[in-house]
Amino acid sequence: MSEEYVLTLSCPNKPGIVAAVSRHLYEVGADIREAHQFDDAETGRFFMRVRFNFVGPVPDGDTLTQGFAPIADGFGMVWKLSAVGERAKVLILVSRFDHCLADLLYRWRIGELSMDIVGIVANYPRETYAHLDFADVPFHYLPVSRQTKLEQEADVWRVVQSTGAELVVLARYMQILSDGLAAKLAGKCINIHHSFLPGFKGARPYHQAHRRGVKLIGATAHYVTADLDEGPIIEQDVERISHHDTPEDLVRKGRDIERRVLSRAIAWHLDNRVIANGSKTVVFRD
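Okay, so let's go over this structure. (Residues numbered from 1 in each chain as written. Predicted model: local features only at pLDDT ≥ 70, side-chain atom pairs only at ≥ 80, totals over all residues. Heavy atoms only, no water.)

**Quick look at the pattern of salt bridges**
Phase 1: Counting across every chain of the model gives 21 salt bridges.
Phase 2: With a shortest N-O distance of 2.3 Å, Asp155 and Arg158 are connected by a salt bridge. Here Asp155 pairs with Arg158, and both are found in helix H4 (residues 149–163), just three residues apart, close to one helical turn.
Phase 3: Between Arg260 and Asp237 there is a salt bridge; the shortest N-O distance is 2.8 Å. Here Arg260, found in helix H7 (residues 247–270), pairs with Asp237, found in strand E11 (residues 233–240); they are 23 residues apart in sequence, far enough to count as distant.
Phase 4: What you see here is one network of salt bridges that share partners, running through Glu235, Asp237, Glu239, Arg260 and Arg264. (Salt bridge = Lys/Arg side-chain N within 4 Å of Asp/Glu carboxyl O. Helix = DSSP H or I, 4+ residues; strand = E, 2+ residues; numbered from the N terminus.)

**So, empty space enclosed by the protein**
Remark: the empty space left among the atoms is shown by a probe the size of a water molecule rolled over them.
Phase 1: In this structure the tally under the stated criterion is one cavity of 30 Å³ or more.
Phase 2: Quantified by volume, the largest cavity comes out at close to 70 Å³.
Phase 3: Along its surface, the largest cavity is lined by Leu7, His24, Leu25, Val28, Phe52, Leu64, Phe68, Trp79 and Leu81.
Phase 4: Of all the elements in the fold, those that place two or more residues in the lining of the largest cavity are helix H1 (17–27), helix H2 (61–75) and strand E4 (78–83). (1 Å grid on protein atoms, 1.4 Å probe; cavity = no way out; pocket = protein on both sides within 12 Å on 5 of 7 lines; lining within 4 Å. Points joined across faces, edges and corners; volume = space filled by probe spheres on them.)

**A word on the packing of H1 against H2**
Phase 1: H2 packs onto H1 with a crossing angle of 165° between their chain directions and a minimal axis gap of 11 Å. With respect to H2, the axis of H1 lies roughly antiparallel. The interaxial crossing formed by H1 with H2 has right-handed handedness. Contact with H1, carried on its side by Ile17, Ala20, Val21 and His24, involves Leu64, Gly67, Phe68, Ile71 and Phe75 of H2 and no other residues of that element.
Phase 2: Looking at the contact of H1 with H2 residue by residue, the class counts come to seven nonpolar, two polar and no charged. (Axes fitted to C-alpha atoms, helices over the stretch in contact; angles between N-to-C directions. Parallel < 35°, antiparallel > 145°, perpendicular 65-115°, else oblique. Left-handed = near helix turned anticlockwise from the far one by under 90°. Contact = heavy atoms within 4.5 Å. Nonpolar A, V, L, I, M, F, W, Y, C, P; charged D, E, K, R; others polar.)

**Section: the layout of surface pockets**
Phase 1: Estimated volume of the largest pocket: approximately 900 Å³.
Phase 2: Forming the walls of the largest pocket are 42 residues, and the residues nearest its centre are Lys80, His269, Leu270, Asn272 and Val274.
Phase 3: Elements with a contribution of two residues or more to the lining of the largest pocket: strand E1 (5–12), E4, H7, strand E12 (274–277) and strand E13 (280–283).
Phase 4: If you tally residues by element for the lining of the largest pocket, the top one is E4, at five residues.
Phase 5: The class makeup of the residues in the lining of the largest pocket is 19 nonpolar, 13 polar and 10 charged.
Phase 6: The space that makes up the second largest pocket amounts to roughly 460 Å³.
Phase 7: Lining the second largest pocket we find 22 residues, and of these Ile176, Asn191, His193, Leu228 and Asp229 sit closest to its centre.
Phase 8: By residue number, the principal contributor to the lining of the second largest pocket is strand E9 (residues 189–193), which donates three residues.
Phase 9: Partitioned by chemical class, the residues of the lining of the second largest pocket number 10 nonpolar, seven polar and five charged.

Dropping the structure here:
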């Protein structure tokens with residue numbers, strides 16, 4: 001079976017981009033299996049994702065990269081070339097609520113998410129998650145308080161570096177990252193927010209929503225930035241709510257939404273389907 005690659009790119013829009021990319025892939029013996037493109041008229045930028053394999057000998061990654069570089073430079077592209085099936089190293093951060101962690105462990109275990117979990121960082125002790133099977137995944141208990149926040153974040157960053165984590169997932173990690181750590185993790189840290197942003201701020205959001213008689217609740221997965229809950233959104237989902245639903249019903253339904261929204265966002269990120277577009281994202285879904 002031929003090895004497959006994914007090329008993603010963004011650049012200022014101008015005529016000839018698709019032709020140049022397609023011609024180059026043809027000349028190196030590639031067969032395009034899937035292609036998506038988007039021209040953002042508002043920003044004047046062009047976005048593209050191409051999945052391809054080879055009908056003959058497969059060039060090595062360096063040859064592919066070096067061959068495409070002049071084209072990318074000519075169009076001012078921000079681009080990435082990845083082999084399909086590469087497993088990313090993922091570090092998961094979690095607090096007391098573990099429903100997203102449990103879901104990700106299950107999806108990882110059955111092979112649904114193409115990733116290697118290189119560690120779990122929690123600000124609660126291991127006994128909090130005694131009912132979960134971590135297999136051989138290293139567990140790091142890093143408690144935090146207002147007084148020790150910077151020291152704890154330094155420890156978190158050391159875990160990121162030592163594990164070689166390429167993606168950090170905040171799976172209901174109920175700590176606000178400092179501007180410094182958020183900047184270090186720019187573009188490689190996904191958070192799940194317990195609301196359809198913009199939404200109710202502060203504590204007990206589902207109870208606030210219930211008091212307002214909302215008819216929809218939701219969840220939002222987004223990249224983490226220094227602006228709290230303002231990072232580029234990757235995925236959102238909602239559920240209908242009626243007057244019959246109690247606050248407990250909203251919490252239960254909210255957990256379900258959070259799990260599926262976070263897993264979809266991670267899957268699309270791992271599959272190179274998400275491209276940054278300023279404060280937004282372009283997501284080339286299946």
